[in-house]
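Structure assessment
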Amino acid sequence: TIHLDPSNQEIGLTRNDARSLWQQHEMSTRTLAAALAEQLRLILAPTMATKLRGDFRTGKRLNIKRIIPYIASSYKRDKIWMRRGVPSKRSYQIMIALDDSKSMAEGESKDLAFETLALVSKALSMLESGELCVVGFGEDTTIAHPFDKPFTDDAGVEVLSQFTFEQEKTDVRKLVADGINLFQEARAKASGSASELWQLMLVVSDAICDDPDAIRRLVRKSQEEKIMIVFIVIDASARPEKGGKSIMDLEKVDITADANGEMKVLRQKYMADVFPFRWWIVVRDVAELPGVLATALRQWFAEVVESG
Amino acid sequence: MELDAPNESEKTSQVRIKLTTRDSDVQLLETAPILVSTALRRYALSTLVNNLLESEKPVPFEFLINGQFLRTSIDEFLTANGISAERTLTVEYVRALIPPVHISSY
Ligand SMILES: [Mg+2]
């Protein structure tokens, strides 16, 4: 069990507890981490054969969509060919943001969250390219591991010892705002100007947050900044032995008075109708994570490449 | 009059609640967790329970948290009692005891 040392409120776990906890999670997720690392390697590596694209006067293959306008324009709009692009060198910066608020302690979400952290950080460190940062959030956002330090097992122990799951608020709006700032700083420091830098924020949380409209605005801002935010929703309480109450069943209820003072009740499904993030996946068991995360990342990165 | 309808201000925080009752007549069948604004007071919660019960004729309810009647907003109650809005709040509802109605000056 995890004890809070009352004499040292700053640190949630003693160093020994943190070490054994890290080893336990690192061990239980080792095989999964290798699998995830392999999947991520394929996703994050520059695509050798990039797609045929573009509008050129000469090229490899005709762009069918350009043929009718070409004829209609009396053969003037003649950029009807597609070419294969040159694969670009790609580097990445990934931030794992772990929810340190009290609600995580309910339904044992914190164990699943630690496992997720161990799994994802281990997998990313196996890739040995790119930078990894871990932040905690609640009332405030704190950096548990900065981008410019390698993520070793000691770093894992260090990170775990900083989480208490005692924070009385879950300020996701602040997290996203702080995250954008951290990414901007990290981008400025990134080496290799020619390289394509991908920035990804993985939020690990129970998904309960205030002020969805303000968060939605910040999520749009992050998209403009080309920072991808993927929300990993820890749904530990959906496990039958934890009560079987899934976040997917959660209803958001608003009660407001109309002009005549009559009360109106508006019931919405929280995840489908209220939750402000665009990309999220629900995880009940850490064993699901490599597969789900890899599939999701592949889709989302494909979308980034398409739109970029 | 109770000023009861929160104007869904962006600033209010949210809390998960679990509604329970000991009165079998007004038991809720479905017990999915519910997320509400902490700005809610008794009257809004009573409206909610009636909505969930799909009652034809609304029944006024009173609410108890940790055995104490809710006389303020949930937010004020949590602050006064040092309860965290991070945890699911068990809220017990009971039929309100209505004093006999006298028809005086309407
Ligand atoms: Mg929370």
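Regarding the overall build of chain A
- Helices and strands together make up the secondary structure of chain A, namely nine helices and eleven strands.
- Expressed as a percentage of its 308 residues, the buried residues of chain A come to 36%.
- Across chain A, every contact between residues at least 6 apart in sequence was considered, and the portion connecting residues at least 24 apart equals 74%.

Quick notes on the interface of chain A and chain B
- Listed as interface residues are 24 residues of chain A and, on the opposing side, 20 residues of chain B.
- Where the side of chain A that touches chain B is concerned, the elements lending two or more residues are helix 7 (212-224), strand 9 (251-257) and strand 10 (263-269) of chain A.
- The leading source of residues in the side of chain A that touches chain B is strand 9 of chain A, at seven residues.
- Residues of the side of chain A that touches chain B, tallied by class, amount to nine nonpolar, four polar and eleven charged.
- Where strand 9 of chain A lies against strand 2 (residues 34-37) of chain B, two bridges are found, and the strand directions are parallel. In the sheet register, Lys252(A) faces strand 2 of chain B, and the bridge partner there is Leu35(B).

Some words on the domain arrangement of chain A
- Assigned domains within chain A: domain 1 (15-46 + 88-307) and domain 2 (52-84).
- Just the C-alpha atoms count here: the centres of domain 1 of chain A and domain 2 of chain A sit 43 Å apart.

Some thoughts on the sheet that holds strand 1 (residues 52-56) of chain A
Residues and elements named next belong to chain A.
- Pairing within the open sheet is antiparallel, and its three strands lie in the order 1-3-2. Looking at the sheet topology across the chains shown, the edges are occupied by strand 1 and strand 2 (61-62).
- In this sheet, strand 3 (residues 81-84) lies alongside strand 2 in antiparallel orientation, the contact comprising two bridges. Along strand 3, the bridge assignment pairs Arg61 with Met82.

Some words on the environment of Gln39(A)
All names here are of chain A.
- Locating Gln39 in the fold gives a position in helix 2 (residues 30-44).
- In this structure, the C-alpha to C-alpha distance between Gln39 and Trp279, residues 240 residues apart in sequence, is 19 Å.
- Beyond its immediate chain neighbours, meaning those up to four positions away, Gln39 contacts Pro290 and Ala294.

Considering the sheet that holds strand 4 (residues 68-69) of chain B
- As summarised here, the arrangement of the seven strands in space is 10(A)-9(A)-2(B)-1(B)-5(B)-3(B)-4(B), forming an open sheet in which the pairing is mixed. Taken across any chain shown, the strands that pair with only one partner, and hence form the sheet edges, are strand 10 of chain A together with strand 4 of chain B.
- Sheet analysis places strand 1 (residues 14-20) of chain B next to strand 2 of chain B, joined by four bridges and oriented antiparallel. Within the sheet, the bridge partner assigned to Arg16(B) lies in strand 2 of chain B and is Leu35(B).

Analysis parameters
- Residues numbered from 1 in each chain as written.
- Chains lettered and ligands numbered in written order.
- Predicted model: local features only at pLDDT ≥ 70, side-chain atom pairs only at ≥ 80, totals over all residues.
- Helix = DSSP H or I, 4+ residues; strand = E, 2+ residues; numbered from the N terminus.
- Buried ≥ 20, exposed ≤ 12 C-beta atoms within 10 Å, placed from the backbone.
- Contact = placed C-beta atoms within 7 Å.
- Nonpolar A, V, L, I, M, F, W, Y, C, P; charged D, E, K, R; others polar.
- Pairing = 2+ DSSP bridges.
- Domains from an automatic or database assignment.

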